[in-house]
Amino acid sequence: MVVLLLASCGQEDVKVLKLAHGLDVNHSVHKAMVQMGQDLKEISGGKMEVQIYPSQQLGTERENLELLQIGSLDMTKVSVGVMENFAPKMKVLGLPFIFRDRQHSFTVLDGPIGQQLLDEGQQYWLKGLAYYDAGSRSFYTKERPVAQPTDLEGMKIRVMESVTAMDMVRSLGGSPTPISWGELYTSLQQGVVDGAENNPPSFYLSRHYEVCKYYALDEHTTLPDVLVMGTQAWNNLTEQEKVWVKEAVQKSVSVQRELWAASEQEALDAVKAAGVEVIRPEKNPFMDKVEGIYDAYKDQPELYDLITKIKQTE
């Protein structure tokens, strides 16, 4: 016993942060998280590490957020579409066509508006740390292509558990159907839904292209992912540890954006090679159809002010 005690005195405690997410290990977000863990270990001089549980090992995005709230998990990555259920103002980032282009989205997310929305979750025991690029979401379908909004009529389209996403699909004439990401492949196979909407790497890595042979790049939403930490876990860090975590996180954001840009084109090339018809429909008819969604926010001054500020950001 004395030998064991003496041995343990020579060992420094290592603080391990448990991070869970629902993506494939080949996804740019997972790769950036692996890099984040390596950077955190190096920055902290080996005093901190990140242990990653990918591919929904610990549950869906919503379930992971709930684990953060009760302190059973330290960090997770979720789509803004799921995060809006816990931090309602974040729903503005999921509004269709709110961003003019990718650079506009980065300017907003990296600026004061983005930080304000990251802070929004703290009252729900969730601390937003950063945004990862998740590109733009578009429709993919089984039986027929979506060249214009009317093509969605009568179609059941899988969406996230997001009121904003459901409103968007409904306004375009489709029937929104919330299904967890892990159940979607089987749901597409069995005809529970006729299609879904997501970015090119997710469409490819999920192998949904094996079932859906039409991909319409209408790019209706540019919905980022959010790296989140439970406030319980955050408050248990020392001030120095918080500095280390922030530095490692910011490095991972730069890494992920570079990886994402490359993975988008790789994914499109791969699904085309697998026989998917990739369509680039005219966006204006889609934009016109969803305009009413914005009007619904006019009686919510705080949210409408956010929308206005985002659109005015140069």
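Along each chain, residues carry numbers from 1 onward, in the same order as the chain's sequence is written. For this predicted model, a pLDDT threshold of at least 70 governs which residues receive local features, and a threshold of 80 or more governs which side-chain atom pairs are given and counted, while totals over whole chains, interfaces and linings are taken from all residues. Values shown for side chains rest on all heavy atoms present in the structure; no hydrogens or waters enter the calculation.

(A) Region of the structure containing the overall build of the protein chain. Starting at the N terminus, helices and strands are each numbered in turn, a helix being any DSSP run of H or I of at least four residues and a strand any DSSP run of E of at least two. A count of helices and strands for the protein chain gives 14 helices and eleven strands. Within these notes, the globule rule equals 2.2 Å times the number of residues to the 0.38 power, and the radius of gyration is based on C-alpha atoms. Over its C-alpha atoms the protein chain spans a radius of gyration of 21 Å, differing by no more than 12% from the 20 Å that the globule rule assigns to 314 residues. Counting only C-alpha atoms and orienting by the principal axes, one finds that the protein chain spans roughly 75 × 45 × 30 Å. For each residue, the accessible area found with a 1.4 Å probe, counting protein chains only, is set against the maximum for its type, and the residue is called buried under 20%, exposed over 50%, and partly exposed in between. Here the protein chain holds 314 residues, and the buried ones make up 52% of them. The long-range fraction of contacts in the protein chain, counting pairs at least 24 apart against all pairs at least 6 apart in sequence, stands at 76%. For the protein chain, the computed accessible surface area is about 14,200 Å², with 49% contributed by carbon and sulfur atoms. Across the protein chain, the mean location of the 31 positive side-chain charges is 1 Å away from that of the 44 negative side-chain charges. Contacts between residues were defined by any pair of non-hydrogen atoms, one from each residue, lying within 4.5 Å. A 1.4 Å probe and the Shrake-Rupley method give the accessible areas. Residues count as covered only by the protein chains that appear here. Two residue types count as positive, namely Lys and Arg, and two as negative, namely Asp and Glu; His and chain ends fall outside the count. Charge positions come from single atoms, namely NZ of Lys, CZ of Arg, CG of Asp or CD of Glu.

(B) Focus on the packing of aromatic side chains. In summary, the pairing rule links any two rings of Phe, Tyr or Trp, Trp by its six-membered ring, whose centres are within 6.5 Å, and it sorts them by plane angle into stacked for under 30 degrees, edge-to-face for over 60 and tilted for everything else. On inspection of all chains with the given rule, the structure shows four aromatic pairs. Between the aromatic rings of phenylalanine 203 and tyrosine 215, the centroid separation amounts to 4.6 Å while the plane-to-plane angle is 45°, which identifies the pairing as tilted. Residue phenylalanine 203 is found in helix H9 (residues 200-205), and its partner tyrosine 215 is found in strand S9 (residues 214-221); the two are separated by twelve residues along the sequence. Using a relative accessible area of 0% as the deciding quantity, one classes phenylalanine 203 as buried. Every member of this aromatic cluster is reached through a ring pair, and the members are Tyr140, Phe203 and Tyr215. We note lysine 127 situated over the ring of tryptophan 234; from NZ or CZ to the ring centre the distance is 4.9 Å. Looking at lysine 311, its charged tip hangs above the ring of tyrosine 294, at a distance of 4.0 Å from the centre. Charges are assigned to positions over rings by a cutoff of 6 Å between ring centre and Lys NZ or Arg CZ, combined with an angular limit of 35 degrees from the ring normal.

(C) Representation of the sheet that holds strand S3 (residues 75-79). If you trace the five strands from one edge of the open sheet to the other, you get S2-S1-S3-S10-S4, paired in mixed fashion. The open sheet terminates on both sides in strands that have one partner only, identified here as strand S2 (48-53) and strand S4 (126-132). Along the sheet, successive strands turn relative to each other by an average axial angle of 25°, direction set aside. Examined bridge by bridge, S3 and strand S10 (residues 225-230) share five bridges and lie antiparallel to one another. Paired strands are those between which DSSP finds at least two bridges. A fitted line through C-alpha atoms serves as each axis, taken over the contacting stretch for helices, and the angle formed by two N-to-C directions is quoted from 0 to 180°.

(D) Focus on unusual backbone geometry. Of note in this structure, serine 55 is not a glycine but carries a positive phi near 55°. Of note, serine 55 is situated in the loop between S2 and helix H3 (61-69). Notably, glutamate 219 is not glycine yet its phi reads approximately 50°, a positive angle. Inspection of the secondary structure puts glutamate 219 in strand S9.

(E) Spatial organisation of the nonpolar core. Throughout this description, the term nonpolar core refers to a set of buried Ala, Val, Leu, Ile, Met, Phe, Trp, Tyr and Cys residues connected via side-chain atoms within 4.5 Å. Counting 49 residues, the largest nonpolar core has Met90, Val92 and Leu93 as the members making the most contacts within it. For this core, the element with the highest residue contribution is helix H14 (residues 301-312), accounting for four residues. In terms of nonpolar packing, the next biggest core, distinct from the first, is built from 23 residues, Val29, Leu40, Val245 and Val253 among them.

(F) The side chain of serine 263, seen in detail. Topologically, serine 263 is positioned in helix H11 (residues 239-273). On the accessibility criterion, serine 263 (15% relative accessible area) is buried. Residues in contact with serine 263, not counting those within four places in the same chain, are Ser28 and Pro201.

(G) Main features of the pattern of salt bridges. Basic side-chain nitrogens of Lys or Arg form a salt bridge, by our definition, when they fall within 4 Å of a carboxyl oxygen of Asp or Glu. For the structure on display, the rule yields 17 salt bridges. Ionic pairing is found between lysine 89 and glutamate 302, a salt bridge with its closest N-O pair at 2.5 Å. Taken together, the positions of lysine 89 in the loop between helix H4 (80-83) and helix H5 (102-109) and glutamate 302 in helix H14 put the pair 213 residues apart, joining distant regions of the chain. For arginine 207, the salt bridge goes to glutamate 210, with nearest N and O atoms at 2.6 Å. Several salt bridges share partner residues, and in doing so they unite Glu61, Lys77 and Asp225 into one network.

(H) Just H5, in detail. Regarding H5, the residues found buried are His104, Ser105, Phe106, Val108 and Leu109. Along its buried surface, H5 packs onto helix H6 (112-119), S4, H11 and H14. Polar contact is defined as a pair of N or O atoms within 3.5 Å, subject to the rule that within protein one atom must be able to donate a hydrogen and the other to accept it, and that residues adjacent in sequence are counted only when both atoms are side-chain atoms. Of the residues flanking the start of H5, the one acting as N-cap is aspartate 101, its side-chain oxygen 3.3 Å from the backbone nitrogen of glutamine 103.

(I) Representation of the environment of arginine 158. Within the secondary structure, arginine 158 is located in strand S6 (residues 156-159). Each C-alpha atom of the pair arginine 158 and phenylalanine 139 lies 9.7 Å from the other, and the pair is 19 residues apart in sequence. Aside from chain neighbours lying at most four places away, what touches arginine 158 is Arg137, Thr177, Ile179, Ser180, Trp181, Leu184, Val193, Gly195, Ala196 and Glu197. Only 2.8 Å separates the side chain of arginine 158 from the backbone oxygen of isoleucine 179, close enough to count as a polar contact.

(J) Here's a closer look at the environment of proline 224. Note on placement: proline 224 falls in the loop between S9 and S10. The exposure class assigned to proline 224 is buried, which follows from its relative accessible area of 4%. Separated by 93 residues in sequence, proline 224 and tyrosine 131 place their C-alpha atoms 6.2 Å apart. Other than its neighbours up to four places away in sequence, proline 224 contacts Ser79, Val80, Leu93, Leu109, Tyr131, Tyr132 and Ala134.

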